[in-house]
Amino acid sequence: MNDTRTDREPVTAEQREREEQVTRQVLASFDGCADPRLREIMRSLVSHLHAFVRDVRLTEDEWTKGIDFLTRTGHITDDRRQEFILLSDVLGASMQTVAVNNEAYGDATEATVFGPFFVEDSPEIAQGGDLAFGAAGEPCWVEGTVTDDAGAPVAGARIEVWEADEDGFYDTQYGDDRTAARAHLFSDSEGRYRFWGLTPTPYPIPHDGPVGGLLAATGRSPMRASHLHFMVSAPARRTLVTHIFVRGDELLDRDSVFGVKESLVKDFVTQPARTPTPDGRDLGERSWSRVRFDIVLAPDGT
């Protein structure tokens, strides 16, 4: 796209009217839509899309390249890779949707992006269990509580956890059927939880496809700050999708999907080899880390 279009001629009143007439015709086509919410969404989408085309004076060549980009995004998407979610993430649309749908409520834990690597039906582990399932990385002891906004413990909350291994890959990115570095567990009668995971490390989002090409073309890095994913749900509570991030990570202020929030940055404290573990696990000569993450769930419907 070499046409910078910096020396545009002013748009005449006659031309502007022609362009706006197209928009009015398309908007009117939704007048018969029986679903009022769908009608609202489609009319707003058309209004903003047409305004964008007019604002940048989109060329037909640029339009064709945009269609080609979306086509390639669809072709690379399958049941193990969701390039459209990745595109939404790097454009900040995912975080904006999170912001709109998770209004601040007291001390409730902040939400962040879902990401493209969640998998249904993860294995269940007991309190103190290990979700690594053979994934490479430094062991990390994670513990905390799940409470409601009044501070009362939430027993039986389902806690889904997933993360990349030390090489920066999720299990779904390998060419086999492994399940690793993901699991779920339930908070105990006092709202407590604890498990072994891996110390998070930075990694690039998949950048061998159209989204990676977009980042390269715009001079942006594909790197994500080190993080551990959580999804926490309980009856009468708003489901929380969030991460925790490693304090001191140099990527905190330039996470490629804009997912970092200060309240989610935690201290992952390194423990030298032979430091006694909380559950007596023998890690031999391996170092490990530990982190505490106390979760506060907002009421459902807030």
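Provided above is the structure to which this section pertains.
The rules we used
Residues numbered from 1 in each chain as written. Predicted model: local features only at pLDDT ≥ 70, side-chain atom pairs only at ≥ 80, totals over all residues. Heavy atoms only, no water. Helix = DSSP H or I, 4+ residues; strand = E, 2+ residues; numbered from the N terminus. Contact = heavy atoms within 4.5 Å. Lys, Arg positive; Asp, Glu negative; His and termini not counted. Charge placed at Lys NZ, Arg CZ, Asp CG, Glu CD. Pairing = 2+ DSSP bridges. 1 Å grid on protein atoms, 1.4 Å probe; cavity = no way out; pocket = protein on both sides within 12 Å on 5 of 7 lines; lining within 4 Å. Points joined across faces, edges and corners; volume = space filled by probe spheres on them. Nonpolar A, V, L, I, M, F, W, Y, C, P; charged D, E, K, R; others polar. Buried < 20%, exposed > 50% of the residue type's maximum accessible area, 1.4 Å probe, protein only. Salt bridge = Lys/Arg side-chain N within 4 Å of Asp/Glu carboxyl O. Core = buried A, V, L, I, M, F, W, Y, C linked by side-chain atoms within 4.5 Å. Patch = residues over 30% accessible without salt bridge, like charges linked within 9 Å, V, L, I, M, F, W, Y side chains within 5 Å. Areas by Shrake-Rupley, 256 points an atom, 1.4 Å probe, with all protein chains shown as cover.

Some remarks on the overall build of the chain
1) Next: If you tally the helices and strands in the chain, you get 6 helices and 12 strands.
2) Next: Over its C-alpha atoms, taken along the principal directions, the chain stretches across nearly 80 × 40 × 35 Å.
3) Next: Counted over contacts in the chain with a minimum sequence separation of 6, partners at least 24 positions apart contribute 71%.
4) Next: Positive and negative side-chain charges in the chain, numbering 32 and 52 respectively, have mean positions lying 3 Å apart.

Topic: the sheet that holds strand β3 (residues 182-186)
1) Next: The 5 strands are arranged β3-β2-β7-β8-β9 in an open sheet whose pairing can be described as mixed. What marks the edges here is a single partner per strand, and that holds for β3 and β9 (265-266).

Overview of the layout of surface pockets
1) Next: Approximately 1,100 Å³ is the volume attributed to the largest pocket.
2) Next: Along the wall of the largest pocket there are 24 residues; nearest its centre are F52, E62, G66, I67 and F69.
3) Next: Those elements that place two or more of their residues in the lining of the largest pocket are α2 (36-56), α3 (60-76), α4 (83-90) and α6 (210-217).
4) Next: Among the elements that line the lining of the largest pocket, the one with the most residues is α3, at 10 residues.
5) Next: Classifying every residue of the lining of the largest pocket by side-chain character gives 15 nonpolar, 4 polar and 5 charged.
6) Next: If you add up the space inside the second largest pocket, you get close to 260 Å³.
7) Next: Along the wall of the second largest pocket there are 18 residues; nearest its centre are R81, F117, F169, Q173 and P206.
8) Next: Put simply, the parts of the chain that give the lining of the second largest pocket at least two residues each are α4 and β5 (203-204).
9) Next: Within the lining of the second largest pocket, the residues separate by chemical class into 8 nonpolar, 5 polar and 5 charged.

A look at the side chain of D165
1) Next: Relative to the elements of secondary structure, D165 occurs in the loop between β2 (158-162) and β3.
2) Next: The side chain of D165 sits in the buried core without any salt bridge; R178 is the nearest counter-charge, 5.4 Å away.
3) Next: In contact with D165, not counting residues within four places along its chain, are A135, A136, Y174, L198 and T201.

Quick look at the nonpolar core
1) Next: One finds V146, Y193, F195, F230, V232 and I295 to be the most contacted residues of the largest nonpolar core, which totals 32 residues.
2) Next: Secondary structure elements with two or more residues in this core: β1 (139-148), β2, β3, β4 (192-198), β7 (227-233), β8 (240-246) and β12 (295-297).
3) Next: Counting 10 residues, the second largest nonpolar core, distinct from the first, contains V90, V113, L215 and V257.

Observations concerning a nonpolar patch on the surface
1) Next: The grouping of L45, L49, F52 and V53 at the surface amounts to a nonpolar patch, some 350 Å² of accessible area in total.
2) Next: Inspection of the secondary structure puts V53 in helix α2.
3) Next: Residue V53 is classed as partly exposed on the basis of its relative accessible area of 33%.

As for α6
1) Next: Buried within α6 are the following residues: P210, V211, G212 and L215.
2) Next: Lining the buried residues of α6 we find α3 and α4.
3) Next: Immediately downstream of α6, the backbone of G219 shows phi near 70°, a positive value.

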